[in-house]
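# Summary of the model geometry
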Amino acid sequence: QVQLVESGGGLVQPGGSLRLSCTASGFTFSSYGMSWYRQAPGKVRELVASIPGTGGLRNYADSVKGRFTISRDNVKKTLYLQMNSLKPEDTAVYYCNARIRTTDYWGQGTQVTVSS
């Protein structure tokens, strides 16, 4: 079965950096685009960044462009999100997503808190 396991979240001061990881199993990782979403308290889940299976053209939310970088290692079956220049408004639970055919699969989420 499809499994997505996120890690790397935590508490960081404004201006700091974090690197999130998502380890995938149960499907042919390199064949599918992957995404990071986030959900802040009281807000809807929003797309942060996405990357095709081959690691080509990436897509970012306007709010994170120039600060976040999505990448993947198809050998390790791992998705990454490098987050720099973090702001308090980046505080949220971050989720890894795989859309396989018409079904969305989600990890359990990892909390990112940006606070002084």
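Quick summary incoming for the structure in this document. (Residues numbered from 1 in each chain as written. Predicted model: local features only at pLDDT ≥ 70, side-chain atom pairs only at ≥ 80, totals over all residues. Heavy atoms only, no water.)

## Some thoughts on the overall build of the chain
When its secondary structure is counted, the chain shows zero helices and eleven strands. Its helices and strands taken in sequence order, the chain reads β-β-β-β-β-β-β-β-β-β-β from the N to the C terminus. A globule of 116 residues ought to have a C-alpha radius of gyration of about 13 Å, and the chain, at 13 Å, matches this closely. Along the longest, intermediate and shortest principal axes, the C-alpha atoms of the chain span 40 × 25 × 20 Å. Of the charged side chains in the chain, 13 are positive and 7 negative, and the gap between their average positions amounts to 5 Å. (Helix = DSSP H or I, 4+ residues; strand = E, 2+ residues; numbered from the N terminus. Rg over C-alpha atoms; globule rule 2.2 N^0.38 Å. Lys, Arg positive; Asp, Glu negative; His and termini not counted. Charge placed at Lys NZ, Arg CZ, Asp CG, Glu CD.)

## As for the nonpolar core
Formed by 31 residues in total, the largest nonpolar core has its most connected members in Phe 27, Met 34, Trp 36, Leu 79, Leu 81, Met 83 and Tyr 94. When residues of this core are traced back to their parent elements, those giving at least two are β3 (18–25), β4 (34–39), β5 (46–51), β7 (68–73), β8 (78–83), β9 (92–100) and β11 (110–114). Among the elements that take part in this core, β9 stands out by supplying five residues, more than any other. When near neighbours in sequence (up to four residues on either side) are disregarded, Phe 27 contacts Val 2, Leu 4, Tyr 32, Met 34, Ala 98 and Ile 100. (Core = buried A, V, L, I, M, F, W, Y, C linked by side-chain atoms within 4.5 Å. Buried < 20%, exposed > 50% of the residue type's maximum accessible area, 1.4 Å probe, protein only. Contact = heavy atoms within 4.5 Å.)

## What about the sheet that holds strand β1 (residues 3–7)?
Spatial ordering of the open sheet is given by β1-β3-β8-β7, a layout of four strands whose pairing is antiparallel. Edge positions in the sheet fall to β1 and β7, since each has one partner strand and no second. Taking the axes of each pair of neighbouring strands and ignoring which way they run, one obtains an average angle of 15 degrees across the sheet. (Pairing = 2+ DSSP bridges. Axes fitted to C-alpha atoms, helices over the stretch in contact; angles between N-to-C directions.)

## Observations concerning the pattern of salt bridges
Once their charged atoms are close, side chains differing in charge can pair, the charge on each being opposite to the other. Counting across every chain of the model gives five salt bridges. The closest approach of N and O atoms between Lys 65 and Asp 62, which form a salt bridge, is 3.1 Å. You'll find Lys 65 and Asp 62 in the same group, each marked exposed. The salt bridge involving Asp 90 is made with Arg 67; its shortest N-O contact spans 2.7 Å. Of this pair, Asp 90 sits in the loop between β8 and β9 while Arg 67 sits in the loop between β6 (59–60) and β7, and the two are 23 residues apart along the sequence. (Salt bridge = Lys/Arg side-chain N within 4 Å of Asp/Glu carboxyl O.)

## Observations concerning the packing of aromatic side chains
In the structure shown here, the tally under the stated rule is four aromatic pairs. For the ring pair Phe 27 and Phe 29, a centre distance of 6.2 Å and an interplane angle of 55 degrees mean the geometry is tilted. Taking NZ or CZ as reference, Arg 19 lies 4.0 Å from the ring centre of Tyr 80, over its face. (Phe/Tyr/Trp six-rings, centres within 6.5 Å; stacked < 30°, edge-to-face > 60°. Lys NZ or Arg CZ within 6 Å of the ring centre and 35° of its normal.)

## Digging into unusual backbone geometry
The phi dihedral of Ser 85 falls on the positive side, at around 50 degrees, and the residue is not glycine. The topology assignment puts Ser 85 in the loop between β8 and β9. Given a relative accessible area of 40%, Ser 85 falls into the partly exposed group. At Arg 101, a position not held by glycine, the phi torsion is positive, near 60 degrees. Along the chain, Arg 101 falls in the loop between β9 and β10 (103–106).

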